[in-house]
Amino acid sequence: MKTYDVVVIGAGPAGLAASIEAARRGCGVLLVDSNLKPGGQLIKQIHKFFGSREHRAGTRGIDIARDLYREALDAGVTVWLDTSVYGIFAGNVLAYARGLLEMKPSGGAVKADRVVLATGASENAVNFPGWTLPGVMGAGAAQTMINVERVLPGKRVLMIGSGNVGLIVSYQLMQAGADVVALVEGLPRVGGYGVHSAKISRAGVPILTAHTVSRAFGDTAVEGAEIVRVDPSWKPVAGTEQRLDIDTICIATGLRPYAKLAMLAGCRMVHSPILGGWVPFHDRSLQTSVPGIFVAGDAGGVEEASTAMEEGRLAGVSAAASLGKVSAAEARAQREEVEARLASLRMGPFGKPRHDAKEALHKAGECA
Amino acid sequence: MRVTHHPILGEQSPARTVEITVDGRKVTAREGETIAAALLAAGIRVNRITRKQGTPRGLFCAIGQCTDCVMVVNGVPNVRTCVTPVADGMTVETQKGGGPAPLKSGGSR
Ligand SMILES: Cc1cc2nc3c(=O)[nH]c(=O)nc-3n(C[C@H](O)[C@H](O)[C@H](O)COP(=O)(O)OP(=O)(O)OC[C@H]3O[C@@H](n4cnc5c(N)ncnc54)[C@H](O)[C@@H]3O)c2cc1C
Ligand code: FES
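Residues numbered from 1 in each chain as written. Chains lettered and ligands numbered in written order. Predicted model: local features only at pLDDT ≥ 70, side-chain atom pairs only at ≥ 80, totals over all residues. Heavy atoms only, no water.

### Focus: the packing of helix α4 (residues 164-175) of chain A against helix α5 (residues 194-202) of chain A
All names here are of chain A.
Inference 1: Taken N-terminus to C-terminus, the directions of α4 and α5 make an angle of 35°; their axes are 9 Å apart at the nearest point. Both α4 and α5 take part in a crossing whose hand is left-handed. Along the contact surface, α4 presents N164, L167, I168, S170, Y171 and M174, while α5 presents H196, S197, K199 and I200. (Axes fitted to C-alpha atoms, helices over the stretch in contact; angles between N-to-C directions. Helix = DSSP H or I, 4+ residues; strand = E, 2+ residues; numbered from the N terminus. Left-handed = near helix turned anticlockwise from the far one by under 90°. Contact = heavy atoms within 4.5 Å.)

Quick look at the structure:
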């Protein structure tokens, strides 16, 4: 069985950054992704990123993905696309299936001295009568359809959720030519950044706070929806029901870490609502409770592409250091640099709670 | 409906087309796109019918995680159409329950 110094699972911003850093420090790196295209969530993000200049704010996600991929190849990373890791066994043996998407399946296993889990997140669903009808989908799914595949999932859309994802995808649906009939938000206020909500309000989309969807209508696919006002305890207010003429419902009610492999590997899991749910415990070097397995990006707590990249760098440096590829002193200095940038990203009303949640997570490990 | 003009992505570049057969009907698709995208562009929204309740399912996550979009492709059941690209001459069928392969008892689909 072939052995690599480091195997990185997931080629989103976190996995790409981890691969680049480990390879630049002399590690033999294999990067795998189940998709045919590298970049993870970035490949559908056509808006300019927010944040600071050094995190490529002002650059579109699709361009960041392309640049990182090129850097990874230049650094000598071996990349296997259309490859899904489905099992982690003792001694870091990784079982994979390849070629599923090209309908030429094959399988095998590789051994990894160090593993970096960078498997990202999955979208939360909400349940309401009719939610399983075709035409009800994640906002991320709609975004993939319009920006990657360039096909509209529908013409008249109801968006659920006013976080940045709901706001940004609403705007992008309009750019692609769909009508966003309304955006409903159960809380009494908008969740995402003011700049994003202002953009869609200006475009004429009603943002209905303290509202939710009560049902979807349709036989074989969505043909309409009913929305209703809710009181502060989320109870529907009788008499406020409205029927909307729509053919698509997009759900943007948050993401949760996609960390199945960490569970399979026996990593200790910690529950953190701010980070999106169950996350593998990880220390400051991003190592989980299983020695040699690191986690980075949304898989270790849902944040943003900028933090995912920095965490990827940190995991890459840590993995290389633990293999003796850099001296302890060098590794410490490099880690401190990344940590300072992470701290600057985790500030403000959106960042601070995540900073505190990560600190609590590290502490949870210390006293265990 | 295809997004041919886009304020940021520009005009859609021309692509070679391929022909696939969906439940007996010929559908023209763009080379490189996923099966689910080709179907949506052709106005087809139902990918499978559940075994127990017989209710329709369609695209939900579009990144290969949820299996709501699985169909029978070239006779093979459970193919995730949201991540599998089209190929010329492909046959695609709405999947009913677990598809044509014999089901083991106790299956959840
Ligand atoms: C609409 C929207 C707008 C956003 N806007 C911004 C923004 O403006 N600025 C910002 O900083 N962030 C933004 N984000 C967030 C950002 O996209 C994510 O936080 C970031 O992509 C997470 O990176 P990641 O590398 O952890 O995971 P992902 O990008 O999700 O990548 C994970 C990869 O792992 C692969 N994978 C999973 N499991 C396996 C397996 N078992 N085997 C092989 N491969 C596997 C997947 O195929 C995927 O490619 C936005 C997100 C959305 C949805
Ligand atoms: S839509 Fe979820 S797997 Fe295809």
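### Quick word on the sheet that holds strand β8 (residues 136-138) of chain A
All names here are of chain A.
Inference 1: The parallel open sheet is built from 5 strands, whose spatial order is β8-β15-β9-β10-β11. What marks the edges here is a single partner per strand, and that holds for β8 and β11 (207-209). Strand-to-strand twist of the sheet, defined as the mean angle between neighbouring strand axes without regard to direction, takes the value 20°.
Inference 2: In terms of strand pairing, strand β10 (residues 179-185) meets β11 through 3 bridges, oriented parallel. Along β11, the bridge assignment pairs L183 with I207.
Inference 3: Together, β8, β9 (156-160) and β15 (248-251) form the strand contacts of helix α3 (residues 139-149), whose direction differs from that of β8 by roughly 85°.
Inference 4: Together, β9, β10, β11 and β15 form the strand contacts of α4, whose direction differs from that of β10 by roughly 170°. (Pairing = 2+ DSSP bridges.)

### Notes on the interface of chain A and chain B
Inference 1: Each side of the interface is counted separately: chain A has 39 residues, and chain B has 37 residues.
Inference 2: Together chain A and chain B conceal approximately 3,200 Å² of surface at their shared face, both sides included; 62% is due to carbon and sulfur atoms.
Inference 3: Of all residues in chain A, L101, M103 and R150 of chain A bury the most surface against chain B, accounting for 23% of the area lost on that side.
Inference 4: Counting every contact that joins chain A to chain B gives 0 salt bridges.
Inference 5: At the boundary of chain A and chain B, one finds 10 residue pairs in polar contact (both at pLDDT 80 or more).
Inference 6: Looking at the side of chain A that touches chain B, the elements that each hand over two or more residues are β7 (121-123), β8, α3 and β15 of chain A.
Inference 7: Counting residues per element, the side of chain A that touches chain B draws most heavily on α3 of chain A, which supplies 5 residues. (Buried area = accessible area lost by both parts, 1.4 Å probe. Salt bridge = Lys/Arg side-chain N within 4 Å of Asp/Glu carboxyl O. Polar contact = N/O pair within 3.5 Å; in protein donor to acceptor, adjacent residues only side chain to side chain.)

### Structural notes on the sheet that holds strand β2 (residues 25-30) of chain B
For sheets, the rule is that strands pair by backbone hydrogen bonds, running either parallel or antiparallel.
All names here are of chain B.
Inference 1: Spatially, 5 strands are ordered β2-β1-β7-β5-β6 in an open sheet, and the strand pairing comes out mixed. Each end of this open sheet is capped by a strand with a single partner; those strands are β2 and β6 (76-80). Ignoring strand direction, the axes of neighbouring strands in this sheet form an average angle of 40°.
Inference 2: Where strand β5 (residues 70-73) meets strand β7 (residues 91-93), 2 bridges bridge the pair, whose relative direction is antiparallel. Considered in β7, the bridge of V72 is made with E93.

### So, the pattern of salt bridges
When the charged atoms of two side chains with opposite charge come close together, those side chains can pair.
All names here are of chain A.
Inference 1: Enumeration over the complete set of coordinates arrives at 19 salt bridges over all chains.
Inference 2: A salt bridge links R156 to D245; its shortest N-O distance comes to 3.7 Å. Separated by 89 residues along the polypeptide, R156 in strand β9 and D245 in the loop between β14 (242-244) and β15 bring together distant segments of the chain.
Inference 3: Among the ionic pairs, D356 bridges to K352, the shortest N-O distance being 3.0 Å. With D356 and K352 both in helix α9 (residues 348-366) and 4 residues apart, the pair spans about one turn of that helix.
Inference 4: By relative accessible area, which is 44% here, K352 ends up partly exposed.
Inference 5: Several salt bridges converge on common partners, so that one network encompasses E21, R25, E310, R313 and R341. (Buried < 20%, exposed > 50% of the residue type's maximum accessible area, 1.4 Å probe, protein only.)

### A short note on the confidence of the model for chain B
All names here are of chain B.
Inference 1: Across chain B, the average pLDDT comes to 91, with 92% of residues at or above 70.
Inference 2: For residues 103-109, every residue scores under 50 in pLDDT, and the model assigns this stretch 13 contacts once sequence neighbours within four places are set aside.
Inference 3: In the predicted complex, the global pTM is 0.93; the interface-specific ipTM is 0.91. (pLDDT = per-residue confidence, 0-100.)

### As for helix α2 (residues 61-74) of chain A
All names here are of chain A.
Inference 1: Spanning 14 residues, α2 covers 20 Å between terminal C-alpha atoms, matching the ideal 20 Å at 1.5 Å per step.
Inference 2: Three or more residues of α2 are buried, namely G61, I64, A65, L68 and A72. Axial view of α2: buried residues confined to an arc of 100°, hence all on one face.
Inference 3: Where α2 is buried, its residues meet α1 (13-24) and α7 (305-322). (Expected span 1.5 Å × (residues − 1). Arc of directions from axis to C-beta.)

### Some words on the nonpolar core
All names here are of chain A.
Inference 1: By size, the foremost hydrophobic cluster in this structure holds 35 residues, and its most contacted members are V6, V8, V29, L31, V77 and V116.
Inference 2: Counting residues per element, the ones that place at least two in this core are β1 (3-9), α1, β2 (29-32), α2, α7 and α8 (328-345).
Inference 3: At 7 residues, α7 tops the list of elements feeding residues into this core.
Inference 4: Those residues in contact with V8, other than ones at most four positions away along the chain, are G15, A18, S19, V29, L30, L31, V32 and V116. (Core = buried A, V, L, I, M, F, W, Y, C linked by side-chain atoms within 4.5 Å.)

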